[in-house]
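# Examining the three-dimensional arrangement
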Amino acid sequence: KKSAVGPRRLAAYALSDIVRNIPFHSRAEALTAIDLVVSTASSTLIDDDETVRGYCLLAIQESGKALADQFTFTDVIDGKVPKEVQKVLRTYQAANAPVMKALHDPKINVRLTALQALDQINLARAKMIRTLDDAAVMKEDDRGKILKSFDAPDPLGPIIDKDLPAIARLLTEDDVRFRRGAIDFLELLDHQAEPVIGEICGALSDSDRFVRFSVLRTIKNLPGQKVNSDAVR
């Protein structure tokens, strides 16, 4: 909150350091740190300075790695995720809107870091779903229902509910880094990427072979009857 940009940059960079040092802290301290870093960083994405915004997004990205490392079978107690974990997941939900807004930042490096942050949260979410699915007595095909059955707020719920078209539009960006990041994000959603299946199928004609390869893997997990005839050809 300092008016001078130097202290703000140092503080923003320090957020990433806090997350990187989480392995040296207790379980309770780690969850508290992730929660505070994500809430602080996401609320600072309105800063006028590109470097401050970039460091804050980097901190959110690093927090996703830390969350994935922290989540294990021991988090499932009496069929539910503990309240302290629920709190962290709700903080990620609150961060969805500011990070999505950063995808339209005037600075390309900020936009790319925002996409990388979303991809990292998505990786943590995927690991969490696999862990919960292994612990579930009643198996669910719907990923959203897997989380709900354990009282686990979906860390990307707001984006999955209403912002997938904005992610899918990145598949038409000139910069291939956006197209690769977008399709990686959609692939991890499995069948939940169905609302933008048209855009996904359209990316089969992408000039980048890595994008096309990821598109094929994504389509594999989507309803066959929804794949259009052009994509089949």
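Going by the structure above, here's the rest.
Description of the structure in this document. Computed from a predicted structure; not experimentally measured. (Residues numbered from 1 in each chain as written. Predicted model: local features only at pLDDT ≥ 70, side-chain atom pairs only at ≥ 80, totals over all residues. Heavy atoms only, no water.)

## Here we look at the overall build of the protein
Scanning the protein from N- to C-terminus turns up eleven helices and zero strands. Along the protein, helices and strands appear, N-terminal first, in the series α-α-α-α-α-α-α-α-α-α-α. Taking 233 residues into account, the globule formula puts the C-alpha radius of gyration at 17 Å, and the protein, at 18 Å, falls close to it. Principal-axis analysis of the C-alpha atoms places the extent of the protein at approximately 55 × 45 × 25 Å. Taking all 233 residues of the protein together, the buried fraction comes to 50%. Of the contacts made within the protein by residues no fewer than 6 positions apart, 71% connect residues no fewer than 24 positions apart. For the protein, the exposed surface amounts to about 11900 Å²; the carbon and sulfur share of it is 54%. Distance between charge centroids for the protein: 2 Å, based on 33 positive and 34 negative side chains. (Helix = DSSP H or I, 4+ residues; strand = E, 2+ residues; numbered from the N terminus. Rg over C-alpha atoms; globule rule 2.2 N^0.38 Å. Buried < 20%, exposed > 50% of the residue type's maximum accessible area, 1.4 Å probe, protein only. Contact = heavy atoms within 4.5 Å. Areas by Shrake-Rupley, 256 points an atom, 1.4 Å probe, with all protein chains shown as cover. Lys, Arg positive; Asp, Glu negative; His and termini not counted. Charge placed at Lys NZ, Arg CZ, Asp CG, Glu CD.)

## Notes on the packing of aromatic side chains
Per the stated rule, a full pass over the model turns up one aromatic pair. Cation over ring: Arg111 sits above Phe178, and NZ or CZ is 4.3 Å from the ring centre. (Phe/Tyr/Trp six-rings, centres within 6.5 Å; stacked < 30°, edge-to-face > 60°. Lys NZ or Arg CZ within 6 Å of the ring centre and 35° of its normal.)

## A few points about unusual backbone geometry
Even without glycine at this site, Asp151 takes up a positive phi of about 55°. The exposure class assigned to Asp151 is partly exposed, which follows from its relative accessible area of 35%. Positive phi outside glycine occurs at Asp190, with the angle close to 60°. Mapped onto the elements, Asp190 comes out in the loop between α8 (176–188) and α9 (197–202).

## Description of the pattern of salt bridges
Taken as a whole, this structure holds 16 salt bridges when the rule is applied. Arg217 is the salt-bridge partner of Glu187, the closest N and O atoms lying 2.8 Å from each other. Linking Glu187 in helix α8 with Arg217 in helix α10 (residues 209–220), this pair joins segments that are 30 residues apart in sequence. Arg217 gets classed as partly exposed once you look at its relative accessible area, which sits at 28%. Each member of the salt-bridge network shares a partner with another, and the members are Asp17, Arg20, Glu62 and Lys65. (Salt bridge = Lys/Arg side-chain N within 4 Å of Asp/Glu carboxyl O.)

Shape is all these values report; function is a separate question.
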